Amino acid sequence: MGKIHQRDTINYIIKLKNYQSYLEIGTDTGATFNAINIQNKECCDPNKRINNLTYHMTSDEMFAQMPADKMYDIIFIDGLHHEDQVDKDIVNSLKHLNKGGVIVFHDCFPKNKRIATKTNTGEWCGDVWKSLVKLPEYINKENIYLLFFNEYGLGMIKHVDNSNRLNVIDKLLEDSDYDQWFNDKYDYDNKEHLTELFYKTINVLFNKEELNNIL
C-alpha cells in the first residue's frame, strides 16, 4: 500500500469542504505550504527559510499575540516533533478553528521505534504519536482519526463543540509505551503495524473514500 504526501490530502480536504483559510505550523522550506491551493493561507516558523513566511516566530509566540477572533478552516501542525509542543499546538489550534474545520498533524505514525522518540535520528517522526493516542482522554473519540494512507501518518481532529474550553493537555507518555500502540514485527504499510489497542482507541481511515465519508 503506497503512502501519499500530506499536501495531497490537505488539498483534497480543502477542495472537498470548500475551505477558505489555512494555517501551517512548521513551514521549513515551504514544500507543503507553497503547494497548498487555498484563497487565504498563513504560516509560522521560527526560522525564516521562505520569503512569504507570515509569522517569523515560534507557534507559542504566534498564538500569544493572535486575536481571539482570528479563525481558520484548516490548521496543519508540523512544527517541533515533541509531544509536549504538539500538545500545546493542538490546544491553541482548537481555539482558532472554525466550526466545521479540521486540524491535521504530521508524523504521528512512525515506521519503527527508532524514529519515534524526541531524539532526531535523521529520518524522524519524534514522539508526535503520543499526542494522538492520548487525545480521546480529552476529546470525543468520534472526532479523532489516523489517516493511515499518508506518509508518516496524519492525525486529524474534526471541529468539536466547546473544544476551545480545552486549556491544557496535562499527561505525558513514556517512550516505552510505544509497543502498546505499534507492532514493529510488521511493516508500517501493513495494517497489523497498529496494535489492537490502537484500533480500539483511534479511528483509522485507510483511503480517501473513507475520509470523504466522515467529512
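Whatever comes next refers back to the structure up there.
Residues numbered from 1 in each chain as written. Predicted model: local features only at pLDDT ≥ 70, side-chain atom pairs only at ≥ 80, totals over all residues. Heavy atoms only, no water.

1. With respect to helix α3 (residues 83-94)
At step 1: End to end, α3 covers 17 Å across 12 residues, agreeing with the expected 16 Å (1.5 Å per residue, within 8%).
At step 2: Where burial is concerned, most of α3 is hidden: nine out of the 12 residues are buried.
At step 3: Packing partners of the buried residues in α3 comprise β1 (21-25), α2 (59-65), β3 (72-77), β4 (97-106), α4 (128-133) and β6 (154-158). (Helix = DSSP H or I, 4+ residues; strand = E, 2+ residues; numbered from the N terminus. Expected span 1.5 Å × (residues − 1). Buried < 20%, exposed > 50% of the residue type's maximum accessible area, 1.4 Å probe, protein only. Contact = heavy atoms within 4.5 Å.)

2. A short note on the packing of aromatic side chains
At step 1: Within the structure shown, the criterion is met by 11 aromatic pairs.
At step 2: Consider the rings of Trp129 and Phe182, whose centres lie 5.9 Å apart with planes at 85 degrees: the pair is edge-to-face. Here Trp129 is found in helix α4, whereas its partner Phe182 is found in the loop between α5 (178-181) and α6 (196-201), with 53 residues between them in sequence. There is no split in this pair, since Trp129 and Phe182 are both buried.
At step 3: Residues Phe182 and Phe198 carry aromatic rings whose centres are separated by 5.7 Å and whose planes lie at 50 degrees to one another, so their mutual orientation is tilted. Placement of Phe182 in the loop between α5 and α6 and of Phe198 in helix α6 is noted, with a sequence separation of 16 residues between them. (Phe/Tyr/Trp six-rings, centres within 6.5 Å; stacked < 30°, edge-to-face > 60°.)

3. Some remarks on the environment of Glu42
At step 1: Position of Glu42 among the secondary structure elements: in strand β2 (residues 40-44).
At step 2: By relative accessible area, which is 18% here, Glu42 ends up buried.
At step 3: Once the C-alpha coordinates of Glu42 and Lys200 are considered, the two residues, 158 residues apart in sequence, prove to be 35 Å apart.
At step 4: Among all residues touching Glu42, those that are not within four sequence positions of it are Tyr22, Leu23, Glu24, Phe33, Thr54, Tyr55, Lys70 and Tyr72.
At step 5: At 3.4 Å, the side chain of Glu42 forms a polar contact with the side chain of Lys70. (Polar contact = N/O pair within 3.5 Å; in protein donor to acceptor, adjacent residues only side chain to side chain.)

4. Here's the deal with the sheet that holds β6
At step 1: Taken in spatial order, the seven strands of this open sheet run β2-β1-β3-β4-β6-β5-β7, and their pairing is mixed. Of all strands in the sheet, those bounded by a partner on one side alone are β2 and β7 (203-205). On average, each strand axis in the sheet is tilted by 20 degrees relative to the strand beside it, whichever way the strands run.
At step 2: Where strand β5 (residues 144-147) meets β6, four bridges bridge the pair, whose relative direction is antiparallel. By the bridge assignment, Ile144 is partnered in β6 with Ile157.
At step 3: Its contacts with the sheet place α3 against β1, β3, β4 and β6, and it is angled at close to 165 degrees to β4. (Pairing = 2+ DSSP bridges. Axes fitted to C-alpha atoms, helices over the stretch in contact; angles between N-to-C directions.)

5. Let's talk about helix α1 (residues 6-17)
At step 1: Compared with the 16 Å implied by 1.5 Å per residue over 12 residues, the 17 Å span of α1 between its first and last C-alpha is a close match.
At step 2: Against the buried residues of α1 lie β1, β3, β4, β5, β6 and α7 (208-214).
At step 3: Positioned one or two residues after α1, Asn18 has a phi angle of 55 degrees, which is positive.

6. Re unusual backbone geometry
At step 1: Unlike most non-glycine residues, Asp28 shows phi in positive territory, near 50 degrees.
At step 2: If you trace the backbone, Asp28 turns up in the loop between β1 and β2.
At step 3: Classification of Asp28 as partly exposed rests on a relative accessible area of 39%.
At step 4: Positive phi outside glycine occurs at Tyr152, with the angle close to 65 degrees.
At step 5: Its place among the elements puts Tyr152 in the loop between β5 and β6.
At step 6: Taking the relative accessible area as the measure of exposure, Tyr152 reaches 15% and is therefore buried.

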